[in-house]
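Okay, here's what each chain looks like letter by letter:
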Amino acid sequence: MSKALSSACLAFLICLGGSAWAKPKIAVLGLEVVPGPTGAVDPEATQVARDLTKELRQRVQSAVSPYVIAPNSSKELTDEKLLMSCDNEAVSCMVVIGVGLAADMLLYGHVERKGDVYRVSLKLLDVKAKSIQAGGDEMPVGGSVTGVSKRIYVKLIGDLPSPGGTLVVKARSQTGVELTRGAVMVDEERKGTLASGKLTLTGIAEGRHTVAIEAGGYQRFEAPVTVRSGEQVSLDARLLEKVAPPAPEQNTLAWKISLGASLGLTVAGAGFAAYSYFVKVNGQLEPSNLKIVGEVHSSISSDDCSKDYNTILKDSNPKIMSFNDSAFRSACTWKQRTYLGYIVGGVGLLGAVTSLIMLSRDTDPSEQPTTGTRSKKPDIAFVPMWMPDGGGASFSVRW
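Residues numbered from 1 in each chain as written. Predicted model: local features only at pLDDT ≥ 70, side-chain atom pairs only at ≥ 80, totals over all residues. Heavy atoms only, no water.

Q: Outline the nonpolar core, supporting the account with residue identities and numerical values.
A: By size, the foremost hydrophobic cluster in this structure holds 25 residues, and its most contacted members are Leu52, Leu107, Val111, Val120, Leu122 and Leu124. Sorting the residues of this core by element identifies strand S1 (25-28), helix H2 (43-60), strand S4 (105-114), strand S5 (117-126) and helix H5 (145-156) as the ones contributing at least two each. The element contributing the most residues to this core is H2, with six residues. Excluding anything up to four places from it in sequence, valine 111 contacts Leu31, Glu32, Val33, Val34, Ala45, Val48, Ala49, Leu52, Tyr118, Arg119 and Val120. (Core = buried A, V, L, I, M, F, W, Y, C linked by side-chain atoms within 4.5 Å. Buried < 20%, exposed > 50% of the residue type's maximum accessible area, 1.4 Å probe, protein only. Helix = DSSP H or I, 4+ residues; strand = E, 2+ residues; numbered from the N terminus. Contact = heavy atoms within 4.5 Å.)

Q: Outline the layout of surface pockets, listing residues and values.
A: Here the largest pocket defines a volume of roughly 160 Å³. Lining of the largest pocket is provided by Gly30, Leu31, Glu32, Val33, Thr46, Ala49, Arg50, Thr53, Arg57, Glu76, Leu77 and Thr78. Mapped by element, the contributors of at least two residues to the lining of the largest pocket are strand S2 (32-33), H2 and helix H3 (77-83). Looking at the lining of the largest pocket, the element that brings in the most residues is H2, giving five residues. (1 Å grid on protein atoms, 1.4 Å probe; cavity = no way out; pocket = protein on both sides within 12 Å on 5 of 7 lines; lining within 4 Å. Points joined across faces, edges and corners; volume = space filled by probe spheres on them.)

Q: Now, about the sheet that holds strand S7 (residues 165-173): what can you tell me, with residues and values included?
A: Spatial strand order, S10-S7-S13: three strands in an open sheet with mixed pairing. The open sheet has two edge strands, strand S10 (198-204) and strand S13 (232-239), and neither has a second partner. When the angles between neighbouring strand axes are averaged without regard to direction, this sheet yields 20°. Alignment of S7 against S10, held across five bridges, turns out to be antiparallel. Within S10, the position partnered with valine 168 by the bridge is threonine 200. (Pairing = 2+ DSSP bridges. Axes fitted to C-alpha atoms, helices over the stretch in contact; angles between N-to-C directions.)

Q: Can you tell me about the side chain of glutamate 89, naming the residues and giving the values?
A: With respect to the helices, strands and loops of the structure, glutamate 89 is situated in the loop between H3 and helix H4 (91-100). With relative accessibility at 16%, the residue glutamate 89 sits in the buried group. Among the polar contacts made by the side chain of glutamate 89, one reaches the side chain of lysine 81 at a distance of 3.2 Å. Within the local environment of glutamate 89, its side chain forms a polar contact with the side chain of histidine 110, the two groups lying 2.6 Å apart. When residues no more than four places from it in sequence are discounted, the contact partners of glutamate 89 are Glu32, Leu77, Lys81, Met94, Tyr108 and His110. (Polar contact = N/O pair within 3.5 Å; in protein donor to acceptor, adjacent residues only side chain to side chain.)

Q: Quick rundown of the environment of glycine 142? Include the residues and the values.
A: Among the secondary structure elements, glycine 142 is positioned in the loop between strand S6 (131-140) and H5. Accessibility expressed as a relative area gives 75% for glycine 142, which makes it exposed. The sequence separation of glycine 142 and aspartate 116 amounts to 26 residues, and the corresponding C-alpha distance is 9.0 Å.

Q: Just give me the short version of the pairing of S4, but keep the residues and values in it.
A: Along S4, seven of the 10 residues are buried, which leaves the element largely enclosed by surrounding structure. Where S2 meets S4, two bridges bridge the pair, whose relative direction is parallel. Bridge pairing links glutamate 32 to histidine 110 in S4. Sheet topology places S4 next to S5; 10 bridges connect them, and they run antiparallel. Bridged to tyrosine 108 within S5 is lysine 123. Two successive antiparallel strands, S4 and S5, enclose a turn made up of two residues, where glycine 115 displays a positive phi of approximately 70°.

Q: Describe the environment of glycine 182, naming the residues involved and giving the relevant values.
A: One can find glycine 182 in the loop between S7 and strand S8 (183-186). Linking glycine 182 and threonine 193, residues 11 residues apart in sequence, is a C-alpha distance of 5.6 Å. What glycine 182 contacts, discounting residues up to four positions off in sequence, is Gly192, Thr193, Leu194, Glu214 and Ala215.

Q: Report on the pattern of salt bridges, specifying residues and quantitative values.
A: Applying the stated criterion to the full structure yields 17 salt bridges. Where aspartate 137 meets arginine 151, a salt bridge forms, and the shortest distance between an N and an O atom there is 2.6 Å. In this pair, aspartate 137 is assigned in strand S6 and arginine 151 in helix H5, connecting sequence segments 14 residues apart. Within the structure, one salt-bridge network assembled from shared partners comprises Glu188, Glu214, Arg220 and Glu222. (Salt bridge = Lys/Arg side-chain N within 4 Å of Asp/Glu carboxyl O.)

Q: With reference to specific residues and values, describe a nonpolar patch on the surface.
A: On the surface, a cluster of nonpolar side chains totalling about 400 Å² of accessible area is made up of Tyr275, Tyr277, Phe278 and Val279. Tracing the backbone shows tyrosine 277 in helix H6 (residues 253-284). (Patch = residues over 30% accessible without salt bridge, like charges linked within 9 Å, V, L, I, M, F, W, Y side chains within 5 Å. Areas by Shrake-Rupley, 256 points an atom, 1.4 Å probe, with all protein chains shown as cover.)

Q: I'd like a description of the confidence of the model for the chain, backed by residues and values.
A: The predicted model of the chain has a mean per-residue pLDDT of 80, with 82% of residues at 70 or higher. S8 holds the highest mean pLDDT among the elements of the chain, 93, whereas helix H1 (residues 2-21) holds the lowest, 45. Low pLDDT, under 50, characterises residues 1-20; the stretch is placed with zero contacts to residues that sit more than four places away or in other chains. In this model residues 363-378 is a low-confidence stretch, pLDDT under 50, and it forms 18 contacts with partners more than four residues away in sequence or in other chains. (pLDDT = per-residue confidence, 0-100.)

Q: Any chance you could break down a positive patch on the surface for me, citing the residues and the numbers?
A: The grouping of Lys170, Arg172, Lys198 and Arg238 at the surface amounts to a positive patch. Summarising the element assignment, lysine 170 is placed in strand S7. Looking at lysine 170, the relative accessible area reads 37%, which means it is partly exposed. (Lys, Arg positive; Asp, Glu negative; His and termini not counted. Charge placed at Lys NZ, Arg CZ, Asp CG, Glu CD.)

Q: Could you give an account of the packing of aromatic side chains, with specific residues and numbers?
A: All told, the structure shown has six aromatic pairs when counted by the stated rule. Arranged with centres 5.9 Å apart and planes meeting at 85°, the rings of tyrosine 275 and tryptophan 334 form a pair that is edge-to-face. Within this pair, whereas tyrosine 275 is found in helix H6, its partner tryptophan 334 is found in helix H9 (residues 325-360), the two being separated by 59 residues in sequence. Residue classification places tryptophan 334 among the buried positions, given a relative accessible area of 15%. Site record: aromatic cluster; members linked through ring pairs are Phe272, Tyr275 and Trp334. Here the guanidinium or amino end of arginine 337 rests over the ring plane of tryptophan 334, the centre of that ring lying 4.5 Å away. (Phe/Tyr/Trp six-rings, centres within 6.5 Å; stacked < 30°, edge-to-face > 60°. Lys NZ or Arg CZ within 6 Å of the ring centre and 35° of its normal.)

Here it is in structure tokens:
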């Protein structure tokens, strides 16, 4: 009997102690978004409310939090008010919601956009005492919710001990092979070396950090990680192998085509100019075509093309009495066409020179000379030559 009584007393003490030592339960309701002036709800504000709710729930679940999350309490403030027929957030109504969620404490609030900032208003309700503690903060549009959630948490619940968080870094190759080597850096500070593809870091300060991994033969890996005090976060990294970039191919085909076309244009222009001058101009100025009547040795040249028939007769010396003006004008016409041939040939020559210069340039990095090897010779080679009595140049083309 005495033994049974002792066992009963021990069980009672254990139950009583467990109840005394248990952390109070808290329910964090999803934050409500206040509609804008037009009555519409801002989608970005809705996302901010979701992110803040997630952050707050994670903080109260931390090992160093004075609360534990109430079971099945991941509810929305809007839904709970509708379910309990609450027209507002009066204490009496919110207490009913807290009791329904089996929570000792109830955290809820709103997010409202005001210009370029979001205003966050939260309330912490003690369900049994029916007392409310309010807190608020602001964050710029596009800012991080981590800082806001921490500041409001500290205002309403109190600052948490900061033992730091744990970061587990795992690194594998692209094919899934664990890396047996590699340096791990947090915010560019070396923290350790991978062992069997893994490194566990403790005491990492709460907040956002940049983790980098450098391993021989692999590209540098870098990724952001958010660490919270008393929690463990993992980072699974996949490192890509370094691949030598393919050597760019020198685009000589286009310049070779340009060279051929330019040379053809040069030959065509020069040939047309030669034909115009030597065949058509000189041919029309032959005595048999001009049929000059006058003193012996009388002649007419293409230099007289600027003069009319009578002026030529007047200025001629020896004296010319008459000539075939139609043949003479034909020669002058072909003389003008000779200039067209010169222009076409000049354009072709300019294009050929440009093409030769581009082909002679060695712009391919893969063809640069290395130790113990000769550099590749260009397809086009210019060799200037200087001699006592003159100068020039020679070039060779390897097609």
